[in-house]
Amino acid sequence: MEWQALWLSLRLSLWTTLILLAIGLPAAHWLTFSPRRWKFLVEAVVALPLVLPPTVLGFYILLAIGPHSPAGRWYAAVTGGMLPFSFQGLLVASVLYSLPFAVQPFASGFAGVDRRLIEASWCLGVSRAATFFRVIVPLSIPSIVTGMILSFAHTLGEFGVVLMVGGNLAGITRTVSISIYDDVQALNYDAAWHTSLLLLGISFLVLAATYGLRRRVWAVWPPYGQ
Amino acid sequence: MACGEGSGPYGPRMGNELSVDVHKRHAGGPEIAAVLRLPLGAHSVTVLFGPSGAGKTTVLRLIAGLDRPDSGSIRCGDDLWYDGAAGVDIAPQRRRVGYLSQDYAVFPHLTVRGNVAYGARGGAAHIVHGLLASFEVSELAERYPRQLSGGQLQRVALARALAAQPRLLLLDEPLSALDDPTRLRMRGDLRQLLAGVQMPAIVVTHDRTEALALGDSVAIMIGGRLRQAGPVESVFDSPADADVAAAVGVETICPARVLSRSAGLVTVEIGHACLVAVDTAGASADVFACIRAESVTIERNAPANPTSARNRLAARIISVTPEGPLARVALDCGFRLTAIVTRQSGEEMRLREGEHVTAVVKATSIGIVPRGAGTLPG
């Protein structure tokens, strides 16, 4: 059993989820409420990881954060380290890879908030930013929770991008899915069996908790007017 | 921020007016070209009246700053809210307008107290407390909106709007979300609430009885344009043109005085005639009696057998006007009453100007609407 790999995967998933919460909420707000005509282009870019093979995504990320890229040089100048084959590089890749899993539920939650409630808040003298935190976010909690859980679970299960960007360094980039792959390659079926079962259990528990929680959260505020 | 801060918490400075002169073209609706002047000094209720789709809601949204006109200007007292030419467009947050949408838009995730306190200036707890009390929702303070009735939601929304200390109230179809019995009750309540807060208000409605019950003055809006404005009674009684007449209907509306009440019925006096009607006026002594032309029947000779109709009035025919398959008959029965009959029966009964007939109105067909105390002459 690869406890080290499991712990690494959990850490990676947690950090990815937190970063996605921080950048996903404003991104989803912009996508939902911006009057810009060209925002469909941004929507398409955000959704790209859903359709691109992880190898393609991983390849471009590897180039983008490599030591010869502007981002890589900047990172080296600031930290003295390198992004590829590091936990931080893996984190960057995971955030990009799971972006649609956070932004899309967030945006659909925001879009579901009754426009009249938002306008009522504005007319009561509450700024757009404060309205976001006092009306839009509280009424989108189920969608925000869904987005976070999906990001977490998706990162926990990622394989291709990790292999491309992170490689297979024990304790640094060797995630649980990579360790299962290694076990199978080495015909070590017992270990693969145990780790797989654990991952299956964790994933199921996380999703079951989400849907259960979602139902209870909904019970606190049913759709307006029902 | 001048015109809301004259005398007392809600008392706008005298002599100011809201002046709206806007133009807006938008898909799926009429082109809006509205010129409206509303004195802010008098805490009066102006009803924006017109058929559905006339653009009334859009005008309210333009005033609130929720929609932007294509051109024109909106001015509140000394403050310029919108000027197309000068590129001025003040955000709704800074206009300080209390806007009630049709379904009240009470925040479902906050308690009644949370809603009322939401936009309270300075968040002063005693203001919230006072508003909860004066709108009779104190005992509901910790409840969530889904546990409230339509009438309670309306009071919460009004209290919430007032907590933000607006200088002007805008109410979009305030009674349309309520069921019929509640609507009848709230019509009178809302009138009192609006009179109590001492604030100028614009109320949008397409219901003439609501217009009569709530408004001091009325502005008639048809096809995106304001066509006539003035005191409610005079506009409804003497529409300026045929379109306005069609919009307000040319039914009978008479100021009436309550003589007696019993068993849910009310006897009112109009001129020297007495009518019995179903009592929906609360405790008001001065009312409007509204009679739809379709519900007035004309009889040539009084029948020997009594009918279920309570009101039989001796009448003289003033005029008979053909309207397609129908004929509109103006009657003088001590007050002016309009009836509609089919042209065929009009000819069979030989209805002619100057003839004497009997006008019959069922008690259930007479709408009794309370008149705002002291707001109308008579």
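For clarity, every value in this text was computed on a predicted model and none was experimentally measured. (Residues numbered from 1 in each chain as written. Chains lettered and ligands numbered in written order. Predicted model: local features only at pLDDT ≥ 70, side-chain atom pairs only at ≥ 80, totals over all residues. Heavy atoms only, no water.)

## Some details on the overall build of chain A
Inference 1: The number of helices and strands found in chain A is eleven helices and zero strands.
Inference 2: Written out in order from the N terminus, the α and β elements of chain A read α-α-α-α-α-α-α-α-α-α-α.
Inference 3: Projecting the C-alpha coordinates of chain A onto the three principal axes gives extents of approximately 65 × 40 × 30 Å.
Inference 4: In chain A, the proportion of contacts linking residues at least 24 apart, taken out of those at least 6 apart, comes to 72%.
Inference 5: Put simply, chain A shows about 11,700 Å² of open surface, and 70% of that area lies on carbon and sulfur atoms.
Inference 6: Measuring between centres, the 13 positive side-chain charges of chain A sit 17 Å from its 8 negative side-chain charges. (Helix = DSSP H or I, 4+ residues; strand = E, 2+ residues; numbered from the N terminus. Contact = heavy atoms within 4.5 Å. Areas by Shrake-Rupley, 256 points an atom, 1.4 Å probe, with all protein chains shown as cover. Lys, Arg positive; Asp, Glu negative; His and termini not counted. Charge placed at Lys NZ, Arg CZ, Asp CG, Glu CD.)

## Some points on the sheet that holds strand 15 (residues 286-291) of chain B
All names here are of chain B.
Inference 1: If you walk across this open sheet you meet the five strands as 14-13-12-15-21, and the pairing is antiparallel. Edge positions in the sheet fall to strand 14 (273-278) and strand 21 (366-370), since each of these pairs with one other strand and no more. Averaged over all adjacent pairs, the angle separating strand axes in this sheet is 40 degrees, with direction ignored.
Inference 2: For strand 15 and strand 21, the ladder comprises five bridges, and the chain directions are antiparallel. Looking across to strand 21, one finds that Ile291 is bridged to Ile366. (Pairing = 2+ DSSP bridges. Axes fitted to C-alpha atoms, helices over the stretch in contact; angles between N-to-C directions.)

## Digging into the interface of chain A and chain B
Inference 1: In this complex, chain A contributes 23 residues to the contact, which on the side of chain B involves 22 residues.
Inference 2: Each partner contributes to the roughly 2,100 Å² buried at the junction of chain A and chain B, and carbon and sulfur atoms together form 63% of this total.
Inference 3: Inspection of the chain A/chain B interface yields two salt bridges.
Inference 4: Between A:Glu119 and B:Arg61 there is a salt bridge; the shortest N-O distance is 2.7 Å. (Buried area = accessible area lost by both parts, 1.4 Å probe. Salt bridge = Lys/Arg side-chain N within 4 Å of Asp/Glu carboxyl O.)

## Here's the deal with the packing of helix 1 (residues 3-33) of chain A against helix 8 (residues 141-156) of chain A
Residue and element names in this part refer to chain A.
Inference 1: At a closest axis distance of 8 Å, the pairing of helix 1 and helix 8 adopts a crossing angle of 140 degrees. Read as a crossing pair, helix 1 and helix 8 show a hand that is right-handed. Two secondary-structure elements touch here, helix 1 through Ser9, Leu10, Leu12, Ser13, Leu14, Thr16, Thr17, Leu20, Leu21 and Leu25 and helix 8 through Ile144, Met148, Ser151, Phe152, Thr155 and Leu156.
Inference 2: Among the residues making up the contact of helix 1 with helix 8, the classes are represented as ten nonpolar, six polar and no charged. (Left-handed = near helix turned anticlockwise from the far one by under 90°. Nonpolar A, V, L, I, M, F, W, Y, C, P; charged D, E, K, R; others polar.)

## Here's the deal with a nonpolar patch on the surface
Residues and elements named next belong to chain A.
Inference 1: On the surface, a nonpolar cluster with roughly 370 Å² of combined accessible area is contributed by Val45, Leu48, Leu50 and Val51.
Inference 2: Structurally, Val45 is set in helix 2 (residues 39-51).
Inference 3: Note on Val45: relative accessible area 55%, which makes it exposed. (Patch = residues over 30% accessible without salt bridge, like charges linked within 9 Å, V, L, I, M, F, W, Y side chains within 5 Å. Buried < 20%, exposed > 50% of the residue type's maximum accessible area, 1.4 Å probe, protein only.)

## A word on empty space enclosed by the protein
Inference 1: The final tally for this structure, using the stated rule, is one cavity of 30 Å³ or more.
Inference 2: Size it by volume and the largest cavity reaches roughly 40 Å³.
Inference 3: Around the largest cavity, the lining residues are A:Ala120, A:Cys123, A:Leu124, B:Tyr99, B:Leu100, B:Ala157, B:Arg160 and B:Ala161.
Inference 4: Secondary structure elements with two or more residues in the lining of the largest cavity: helix 6 (115-123) of chain A together with strand 7 (97-100) and helix 5 (150-163) of chain B. (1 Å grid on protein atoms, 1.4 Å probe; cavity = no way out; pocket = protein on both sides within 12 Å on 5 of 7 lines; lining within 4 Å. Points joined across faces, edges and corners; volume = space filled by probe spheres on them.)

## Observations regarding unusual backbone geometry
Residue and element names in this part refer to chain B.
Inference 1: Within the chain, Glu136 stands out as a residue other than glycine whose phi angle is a positive 55 degrees.
Inference 2: Secondary-structure assignment places Glu136 in the loop between helix 4 (125-134) and helix 5.
Inference 3: Taking the relative accessible area as the measure of exposure, Glu136 reaches 55% and is therefore exposed.
Inference 4: Phi angles above zero are rare outside glycine, and Gln198 is one such case at about 55 degrees.
Inference 5: Residue placement: Gln198 occurs in the loop between helix 6 (180-197) and strand 9 (201-205).

## So, the layout of surface pockets
Inference 1: Considering only enclosed or pocket space, the largest pocket measures out at about 630 Å³ in volume.
Inference 2: Along its surface, the largest pocket is lined by 24 residues, and A:Phe33, A:Pro35, A:Arg115, A:Trp122 and A:Arg128 are the ones closest to its centre.
Inference 3: If you list the elements that add at least two residues to the lining of the largest pocket, you get helix 1, helix 6 and helix 7 (128-139) of chain A together with helix 2 (92-95) of chain B.
Inference 4: In terms of residue count, the dominant contributor to the lining of the largest pocket is helix 7 of chain A (six residues).
Inference 5: Here the lining of the largest pocket is composed, by residue class, of 13 nonpolar, five polar and six charged.

## A look at the side chain of B:Glu299
Residues and elements named next belong to chain B.
Inference 1: Take Glu299: it is sitting in strand 16 (residues 296-299).
Inference 2: A polar atom in the side chain of Glu299 sits 2.7 Å from the side chain of Arg312.
Inference 3: Excluding its chain neighbours within four sequence positions, the residues that come into contact with Glu299 are Arg312, Met349, Val357, Thr358 and Val360. (Polar contact = N/O pair within 3.5 Å; in protein donor to acceptor, adjacent residues only side chain to side chain.)

## Details of the packing of aromatic side chains
Residues and elements named next belong to chain A.
Inference 1: Taken as a whole and judged by the stated rule, the model has six aromatic pairs over all chains.
Inference 2: Seen in terms of ring centroids, Trp30 and Trp38 are 5.5 Å apart; in terms of plane orientation they differ by 40 degrees. Their pairing is tilted.
Inference 3: By relative accessible area, which is 30% here, Trp30 ends up partly exposed.
Inference 4: Between Phe132 and Phe133, the ring centres sit 5.0 Å apart and the planes meet at 75 degrees, which makes this aromatic pair edge-to-face.
Inference 5: Judged by relative accessible area, which is 56%, Phe133 ranks as exposed.
Inference 6: Here the aromatic residues Phe110, Phe132 and Phe133 are joined through ring pairs into a cluster of three or more.
Inference 7: In this arrangement the basic side chain of Arg128 is found over the ring face of Trp122, its NZ or CZ atom lying 4.2 Å from the centre. (Phe/Tyr/Trp six-rings, centres within 6.5 Å; stacked < 30°, edge-to-face > 60°. Lys NZ or Arg CZ within 6 Å of the ring centre and 35° of its normal.)

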